[in-house]
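Descriptive structure summary
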Amino acid sequence: MEKESSDNKIATLSGEIFDDLEARMLRLAMSDGESHEDIESVLDGCGIGNKPFKTQIIAFNLFKSHPEIQISKETTLALMRAKVTCRERYLQILPHLLKILKTLDDREIRILLIKGGAMKAYRPDCPRWMADVDIVVPEDKYEEAVELSEKVGYKPLKRLHSTDLKDPVSGQTFVDIHHYISTNTNKGYMLNDGLWKRAINIPVSFFPHHVLVPCPEDMMFISLVNFWKNVNDMTSEGSVASLFFDLKLLKEYKDDFDWEIVRSDAMVTGTVETACFSVRLFESIMPGFFPDNLLGSDISLAKLDKLIERTVSSRTVLGLVRNFNLIGAIKIFKSTVPLPLRCQGELVVFLIFVGVYLVEYHIDRLVGRPDVPQRLFDNLHLLLETRV
């Protein structure tokens, strides 16, 4: 059988991530010439109150981008419920974020909000689901920042690029401290100088002190790379739903948006193919948003095809693991990775992970916590990330 083209695979992934209704709402939101009647018809006619949370977030953002439209009371209430869900999570995170920010600010450690936290500063009025808030501190202050956070009561869980700050009471992570941006190439540290130099100060309502966010161009790049991670790991549907609206705001934030910064960020971090993956997926729904050949001359088509294949495989394995189809997961894993010695060891690690995952999941069910342990999915993410 002829090998499926990368464009077809991107289109297939796009269809898995966004159903027809979601894709239609995204196109309505991104286009300038759509009539109010079309938008009202979609929002009132889709039964949004019975749709998944991701669909509701897209619908709310569509509504927010056209405040002049008139929708039914029932639709309005459904959208407000989605907003309240986001706000409830935000209010869970906020006390911990404020505690960390004040602790670091008191020691004059500079703070850079990234990812969802930064976009919350850029778009404060729009609902946004955040599992946690990510901040970056200067490389030479990173260990001090982690130690200070531990002293005020948080349990650090160190990773290569960041430290999760676990709340000992709930066991949840509300804040992650980074010393560089996470990428699938582990070269995010190459951005540090430019990231701090170009950072801007946007007043945030929840913190009166000095907090920076990446400039729109750097934030565009971070959003593209993070979008691939969310697609690859099948995580953070709320962030996936918000991406289109985030990128539209960033592009329009200033008249002289410099696409060369986005390209340069991808080049220095070795994530040209990763960013291109997200650009292509975005443009499968909204073509023409990005400049022609934004990354074209820098792309290795072979690497891009490999990234797409590995992303499809990772999603397949994750889906099978989450449904406890161990045999299916092993088959996909073995067919995806040739098994020289280094990969045989990797397969052993994978099997150990699955075994621990199954045991801990069922323990959680027995003690009345049916949620899937996020720590274990984090471990699977790290395992799969090393294979890309």
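Everything here concerns the structure above.
The structure reproduced in this document is the subject of the present report. It should be emphasised that the depicted structure is a prediction, and the values quoted were computed from it without experimental measurement. Here the residue numbering is sequential within each chain, running from 1 through the sequence in written order. Only residues with pLDDT of at least 70 get local features here, since the model is predicted, and only at 80 or more are side-chain atom pairs given and counted; chain-wide, interface and lining totals rely on the full set of residues. Side-chain measures were taken over the full set of non-hydrogen atoms in the model, leaving aside hydrogen atoms and water.

**A few points about the overall build of the protein chain**
When its secondary structure is counted, the protein chain shows 16 helices and seven strands. Accessibility here uses a 1.4 Å probe with only protein chains present; expressed as a share of the type maximum, an area under 20% marks a residue as buried, one over 50% as exposed, and anything in between as partly exposed. Expressed as a percentage of the 388 residues in the protein chain, the buried residues total 54%. By sequence separation, contacts in the protein chain at least 24 residues apart represent 69% of the contacts at least 6 residues apart. Every helix listed is a DSSP run of H or I at least four residues long, and every strand listed is a run of E at least two residues long, numbered separately from the N terminus. Note on definitions: a residue-residue contact is assigned when non-hydrogen atoms from the two residues lie within 4.5 Å.

**Digging into the pairing of strand β4 (residues 162-166)**
The buried count for β4 comes to five of five residues, which makes it a mostly enclosed element. What you see with β4 is no split at all: Ser-162, Asp-164 and Lys-166 on one side and Thr-163 and Leu-165 on the other are buried throughout. We treat two strands as partners when DSSP finds at least two bridges between them. Looking at chain direction, strand β3 (residues 155-158) and β4 are connected through four bridges and run antiparallel. Directly across from Pro-156, in β4, lies its bridge partner Leu-165. Hairpin connection from β3 to β4: three residues lie between these consecutive antiparallel strands. As defined by bridge partners, β4 adjoins strand β5 (residues 173-178) across five bridges and the pair is classed as antiparallel. Paired with Asp-164 across the two strands is Asp-176, which belongs to β5. Linking β4 back to β5 in an antiparallel pair, the connection comprises six residues, with Gly-171 at a positive phi of about 80°.

**Focus: the nonpolar core**
Nonpolar core, defined: a set of buried Ala, Val, Leu, Ile, Met, Phe, Trp, Tyr and Cys residues in which side-chain atoms within 4.5 Å join the residues together. Membership of the largest hydrophobic core comes to 105 residues, with the highest contact counts inside it found for Phe-18, Ile-135, Met-220, Phe-277 and Phe-290. Per element, the largest residue contribution to this core is 11 residues, and it comes from helix α5 (residues 73-106). Apart from the residues within four sequence positions on either side, Phe-277 is in contact with Ile-10, Leu-13, Trp-228, Val-231, Leu-304, Leu-307, Ile-308 and Thr-311.

**A word on helix α12 (residues 272-285)**
Along its 14 residues, α12 runs 20 Å from first to last C-alpha, staying within 8% of the 20 Å computed at 1.5 Å per residue. By the criterion of burial, α12 is predominantly enclosed, with 11 of the 14 residues buried. Each helix should span, by expectation, one fewer than its residue count multiplied by 1.5 Å.

**A word on the packing of helix α4 (residues 53-65) against α5**
Between the N-to-C directions of two axes lies an angle of 0 to 180 degrees, each axis being a line fitted to C-alpha atoms and, for a helix, fitted only over the stretch in contact. The N-to-C vectors of α4 and α5 enclose an angle of 110°; their axes lie 9 Å apart at closest approach. Looking at the two axes, α4 sits roughly perpendicular to α5. Side by side, α4 and α5 meet where Phe-53, Gln-56, Ile-57, Ala-59, Phe-60 and Phe-63 of the first sit next to Leu-79, Met-80, Ala-82, Lys-83, Thr-85 and Cys-86 of the second. By residue class, the composition of the contact of α4 with α5 is nine nonpolar, two polar and one charged. These descriptions rest on fixed angle ranges, namely under 35 degrees for roughly parallel, over 145 for roughly antiparallel, 65 to 115 for roughly perpendicular, and the rest for oblique. Three categories are distinguished: nonpolar for Ala, Val, Leu, Ile, Met, Phe, Trp, Tyr, Cys and Pro, charged for Asp, Glu, Lys and Arg, and polar for the others, with Gly belonging to the last.

**Re the pattern of salt bridges**
A pair is scored as a salt bridge if a Lys or Arg side-chain nitrogen falls within 4 Å of a carboxyl oxygen belonging to Asp or Glu. Under the criterion given, the structure shown has 17 salt bridges. Here Glu-217 ties to Lys-254 by a salt bridge, and the two come within 2.9 Å at their closest N and O atoms. Placement of Glu-217 in helix α9 (residues 216-233) and of Lys-254 in the loop between α10 (237-252) and α11 (259-268) is noted, with a sequence separation of 37 residues between them. For Glu-217, a relative accessible area of 1% gives the class buried. Take Lys-254: its relative accessible area is 29%, and that puts it in the partly exposed class. Residues participating in the shared-partner salt-bridge network are Arg-107, Lys-141 and Glu-144.

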